[in-house]
Each structure stands twice: as structure tokens, then as C-alpha cells.
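Descriptive analysis of the structure
Spelled out, the chains give:
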Amino acid sequence: MKKPVIAIDGYSSTGKSSISKVIADQLGLIHLDTGALYRGVTWFALQNCKGENGSIDLNQLFSSLDQIQLEFKNDDGELILYLNQQDISKEIRTNEVSDNVSLVAKQKEVRDFLLQSQRSLAEKGGIIMDGRDIGTVVLPDADFKFFLTASIDERTKRRYHELLSLGIEANEQQVKENLIERDKIDSEREIAPLKKAEDAIVIDNTYLSKQETIEAILAYIQKI
């Protein structure tokens, strides 16, 4: 029997990736954090494609996409993102990447570049993929679709503590403003905006722990 394909979309800092990892472990699936792929492209752009004013030169990035090789490698059960053979799993979580990733992710050239690789990974089944347009664009035929949301204050708190745990300096108000701006860009972009698939199950985890959110998702999957 073919293992299921599961799509988990939602807002930043709702726990999509960490929750998907646990579910993948429990169901014997491969977990793919698509947000990490976009962060990887953004980090590449910040290192190699800056214009004279210090911001990302998008045209330079588009012409450099063929120089980007992103892959996940298994490290004791955890998938680590590598860019051109370099571990960038910590670098992609910095504030600079967070401030620029929505701009990069809304570009059609970047989305097209990453879309086919994401679909190819899902063809054999047995995968859980999280992001912002998985259920709507990347995997519209996924067996299960979920959409995670939470209040902006709760998401700010989670993101702030995540940054501190990574040893990254952060200002809580700046984190909140960054999340609000990312929500706006992600939801209003013309190409593959952040939105709930019509057949997705919505889970508001403002008042749910990570474990409670996982149990809610598993309960639905195992009920079918």
C-alpha cells in the first residue's frame, strides 16, 4: 500500500516544520521543509547577488539559479539543508534571511525553480511537506491537507524564543513586525499566495501545545 502524501500549510511560527518532523517519524514518512528551500535560495542571494544599495539584485539571482544545488541530508534522523555541499541549516534562520525570504519567495522564477523538485520528491508517496502553497499549488492532490494558524502574539513569542535558542540576538517587537510584514507579503503575492486549500483542515493552535497539535493531526489521519 502506498504511503500517504500529507500537505501542511500555514502562517510563520505555527510550528509547521517541527510538527511535520514528529508526524513523519511516527508514520514512517519523509519530511520536507519547503520553507528551508526558499531560505536557502535567499541566503545564496544575500551572499552572491547584492546590488549597489546592499539589497538583493533579483535579476542577478534569476541568472544565478543554475548555480544553486540544494539538498537535504540525513543526520541521525534529522534532515540538514546543504547548499552546494555546505551545511547552511543555521545560517538560514538568521534575521537577515527572515527579512528577505518573502521577497525572494514571491518571485515566479524562484518558485518555478523549486516547484518541480518538490513534486518529484512526492511522486512515490510517503512524504509530509510543509510550506505556504503545498496544498494549493505544489501538491494539490495530496491525500491529507492541513492549515495551521495562531494569533500574532503567540507566533511572535514562539519565534522570539526560537531565535534565542539558536543563539541569535532578537528584539521581540522587531520579530512581531517581521511576522506581520511576512504575512502581508505571503498572502498578497500574485504567484501562489498563502491561503487555505478548500479541502484543508484548519487547526488554530494558539492555545494548543505542540504535542496537542500533533495529536489533532494524527487523530484525523488515523480516522480515515
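Reference entry: report on the structure contained in this document. Just so it is clear, the structure is predicted and the values come from calculations on it, not from any experiment.

Thresholds applied
Residues numbered from 1 in each chain as written. Predicted model: local features only at pLDDT ≥ 70, side-chain atom pairs only at ≥ 80, totals over all residues. Heavy atoms only, no water. Helix = DSSP H or I, 4+ residues; strand = E, 2+ residues; numbered from the N terminus. Rg over C-alpha atoms; globule rule 2.2 N^0.38 Å. Buried < 20%, exposed > 50% of the residue type's maximum accessible area, 1.4 Å probe, protein only. Contact = heavy atoms within 4.5 Å. Areas by Shrake-Rupley, 256 points an atom, 1.4 Å probe, with all protein chains shown as cover. Lys, Arg positive; Asp, Glu negative; His and termini not counted. Charge placed at Lys NZ, Arg CZ, Asp CG, Glu CD. Pairing = 2+ DSSP bridges. Axes fitted to C-alpha atoms, helices over the stretch in contact; angles between N-to-C directions. Parallel < 35°, antiparallel > 145°, perpendicular 65-115°, else oblique. Left-handed = near helix turned anticlockwise from the far one by under 90°. Nonpolar A, V, L, I, M, F, W, Y, C, P; charged D, E, K, R; others polar. Expected span 1.5 Å × (residues − 1). Bend = angle between axes of the 7 residues up to and from the residue. Polar contact = N/O pair within 3.5 Å; in protein donor to acceptor, adjacent residues only side chain to side chain.

**Focus: the overall build of the protein chain**
Per the secondary structure count, the protein chain includes 9 helices and 8 strands. The C-alpha radius of gyration computed for the protein chain amounts to 17 Å, which stays within 12% of the reference 17 Å derived for 224 residues, consistent with globular compactness. Across its three principal directions, the C-alpha atoms of the protein chain cover 55 × 40 × 35 Å. Looking at the protein chain as a whole, 48% of its 224 residues qualify as buried. Contacts in the protein chain between residues at least 24 apart in sequence constitute 72% of all its contacts with a sequence separation of at least 6. For the protein chain, the accessible area works out to roughly 11400 Å², and carbon and sulfur atoms hold 47% of it. Averaging the positions of the 28 positive and the 37 negative side-chain charges in the protein chain gives two centres separated by 3 Å.

**Here's the deal with the sheet that holds strand E6 (residues 127-131)**
The 5 strands lie next to each other as E2-E6-E1-E7-E8, forming an open sheet whose pairing is parallel. Looking at the sheet topology across the chains shown, the edges are occupied by strand E2 (30-33) and strand E8 (201-204). Averaged over all neighbouring strand pairs, the angle between strand axes comes to 20 degrees, with direction disregarded. Lying on the sheet, helix H5 (residues 108-122) is in contact with strand E1 (5-10), E2 and E6; it crosses E6 at an angle near 150 degrees.

**Considerations on the packing of helix H1 (residues 16-27) against helix H9 (residues 210-223)**
Between H1 and H9, the least distance of the axes is 10 Å, while the angle of their chain directions is 50 degrees. Between H1 and H9, the interaxial angle falls into the category oblique. In the crossing of H1 with H9, the sense of the turn from one axis to the other is right-handed. Contacts between H1 and H9 involve Ser-18, Ile-19, Val-22, Ile-23, Gln-26 and Leu-27 from the former and Lys-210, Thr-213, Ile-214, Ile-217, Leu-218, Ile-221 and Gln-222 from the latter. Its residues assigned to classes, the contact of H1 with H9 comprises 8 nonpolar, 4 polar and 1 charged.

**What about H5?**
Residues lying three or four places apart along an α-helix face the same way, a consequence of the helix completing one turn every 3.6 residues. With 15 residues, H5 ought to run about 21 Å at 1.5 Å a step, and its terminal C-alpha atoms sit 21 Å apart, in line with that. Residue Leu-115 marks the point of greatest curvature in H5, where the axis turns by about 25 degrees. Buried within H5 we find Val-110, Arg-111, Leu-114, Leu-115, Gln-118 and Ala-122.

**So, the side chain of Asn-100**
With respect to the helices, strands and loops of the structure, Asn-100 is situated in helix H4 (residues 95-105). One polar contact links the side chain of Asn-100 to the main-chain carbonyl oxygen of Glu-96, over a distance of 2.8 Å. The residues touching Asn-100, leaving out its near neighbours within four places in the chain, are Thr-42, Leu-46 and Ile-56.

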